[in-house]
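Secondary and tertiary structure notes
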Amino acid sequence: MRAWRAGLVPFDDLADEIAADEEHLVADAPGTWTDVPLGQGLPIFAKLHPDDIRLVLPVPGDPRGLPGPGPLTGAALLAGEAVITPGFGLVPEVRRHTSGSGVEFETVVWQVLPAPEHRPVFQMGAAEAEAQLTAALGEATTRLTRLDVAQWKPELAGALQALRRPESTATLPPGFDPRSRRLFARASVLDQVLALAGTNAPGGAVNGYEAQQRDEALRPLTAACRQALVAACNAPLNA
């Protein structure tokens, strides 16, 4: 989105790049009376400067980047993500459907919600976010080693070690500097690892105490990962 507004990505490619193989719709876009395809909803960003478009990944207790209390903030906290601008925000909702033949599929609906007089703010630079991510990864690895996580979840221990030399195909659009691209790729891999970490081993191999210790060890790393993704996506663009 920001790369399009900077003139680095053509509008005709934008919806396909965002949606990939999923169906994406926009709800309550100005001038519409029903959900519209993503490509028809994106022109609401047409008059915005790239720096006025910000990704936020909020969680309860950490609402950075959101406006004050209201429907937009509540929806964004529930979804865990949103795109924020000076006048409105978009919050995604995944809707699951079952076809008449029994095939299950999903639709992502981006709800447009007002953000009157809100001014998106700069949160953290890529250099600071990268340093925090590196420190948090080292601390989490040390704590998980003490917990002997390799014994009850060897795939997690191996994945964390592999993150020191991550290989990822995740990338940002044109205009982002090498540091932001590297940070985004690394945080994208880490996000997948943390999703794996949140699941318990089959057969009840992890008891409640072990799961609690694991979660406490990973909590700072999860926060650092979120900030890394935000910093990378909101980094200044080189037109």
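Here is a short report on the structure shown in this document. (Residues numbered from 1 in each chain as written. Predicted model: local features only at pLDDT ≥ 70, side-chain atom pairs only at ≥ 80, totals over all residues. Heavy atoms only, no water.)

With respect to empty space enclosed by the protein
Inclusion rule: Two kinds of site are reported from a 1 Å grid over the protein atoms alone, namely cavities, where a 1.4 Å probe fits but cannot get out, and pockets, open sets with protein on both sides within 12 Å along at least five of seven lines, and residues are called lining when an atom falls within 4 Å of a point. Grid points are joined across faces, edges and corners, and a volume is the space filled by probe spheres set on the points. Note that Gly is not counted as nonpolar here; it falls among the polar residues with everything else outside the nonpolar set of Ala, Val, Leu, Ile, Met, Phe, Trp, Tyr, Cys and Pro and the charged set of Asp, Glu, Lys and Arg.
Throughout the structure, instances matching the rule amount to 1 cavity of 30 Å³ or more. Considering only enclosed or pocket space, the largest cavity measures out at about 40 Å³ in volume. A breakdown of the residues in the lining of the largest cavity according to their chemical character gives 4 nonpolar, 2 polar and 3 charged.

Quick look at the environment of Ser188
Rule in force here: A helix here means a DSSP run of H or I that spans at least four residues, while a strand means a run of E at least two residues long, and both kinds are numbered starting from the N terminus. Any residue under 20% of the maximum accessible area for its type is buried, any over 50% is exposed, and the rest in between are partly exposed; the area is computed with a 1.4 Å probe on protein chains only. Under the rule applied, a polar contact is a pair of N or O atoms within 3.5 Å (in protein, one hydrogen donor and one hydrogen acceptor; residues adjacent in sequence only if both atoms are side-chain atoms).
Structurally, Ser188 is set in helix α8 (residues 178-197). Since its relative accessible area comes to 13%, Ser188 is described here as buried. Put simply, Ser188 and Leu229 are 41 residues apart on the chain and 7.4 Å apart in space, counted from C-alpha to C-alpha. In this structure the side chain of Ser188 is engaged in a polar contact, spanning 2.7 Å, whose partner is the backbone oxygen of Phe184.

Describing the nonpolar core
We count it as follows: Put simply, buried Ala, Val, Leu, Ile, Met, Phe, Trp, Tyr and Cys residues joined by side-chain atoms within 4.5 Å make one nonpolar core.
Counting 30 residues, the largest nonpolar core has Leu133, Leu183, Leu221 and Cys225 as its most contacted members. Only α5 (126-146), α8 and α9 (208-233) provide two or more residues apiece to this core. Examining the composition of this core, we find that 11 residues originate from one element, α9, more than from any other. Counting residues in each nonpolar core, the second largest holds 18 residues, with Ala15, Phe45, Phe88 and Trp110 among its members.

A short note on helix α4 (residues 71-79)
Residue pairs spaced three or four apart in an α-helix point in one direction, given the helix's 3.6 residues per turn. Here is the rule: Here the arc refers to the directions that run from the helix axis out to each C-beta atom. Note on contacts: a residue pair qualifies if any of its non-hydrogen atoms lie within 4.5 Å across the two residues.
Buried residues of α4: Leu72, Thr73 and Ala76, and no others. For α4, the arc enclosing every buried residue in end-on projection is 95°, short of the 170-degree limit, so these residues lie on one face. In α4, the exposed residues that point more than 90 degrees away from the buried face are Pro71 and Leu78. Next to the buried residues of α4 lie β4 (82-84), β5 (88-98) and β6 (104-114). Looking one or two residues past α4, Gly80 carries a phi angle of roughly 85°, positive in sign.

Details of α5
The condition that has to hold: In this scheme, a helix's expected span is set at 1.5 Å multiplied by one less than its residue total.
In this model, α5 (21 residues) spans 30 Å end to end at C-alpha, consistent with the 30 Å of a helix rising 1.5 Å per residue. Turning to α5, its buried residues are Ala126, Ala129, Glu130, Leu133, Ala136, Leu137, Ala140, Thr141 and Leu144. Projection of α5 onto a plane perpendicular to its axis shows the buried side chains occupying an angular sector of 135°, all on one side. Away from the buried face of α5 by more than 90 degrees, exposed residues Ala135 and Arg146 are located.

Some points on the side chain of Arg54
Test applied: Charge assignment in this entry is limited to Lys and Arg as positive and Asp and Glu as negative, and neither His nor the chain termini are counted. Note on definitions: salt bridges are taken to be side-chain nitrogens of Lys or Arg within 4 Å of carboxyl oxygens of Asp or Glu.
Structurally, Arg54 is set in strand β3 (residues 54-56). Look at Arg54: it is buried, it has no salt bridge, and the nearest opposite charge is Asp51 at 4.4 Å. Here Asn234 takes part through its backbone oxygen, which lies 2.9 Å from a polar atom of the side chain of Arg54. Every residue in contact with Arg54, bar those within four places of it in the chain, is listed here: Ala82, Val83, Ile84, Pro120, Val121, Phe122 and Asn234.

Any functional reading would require information that these geometric values do not contain.
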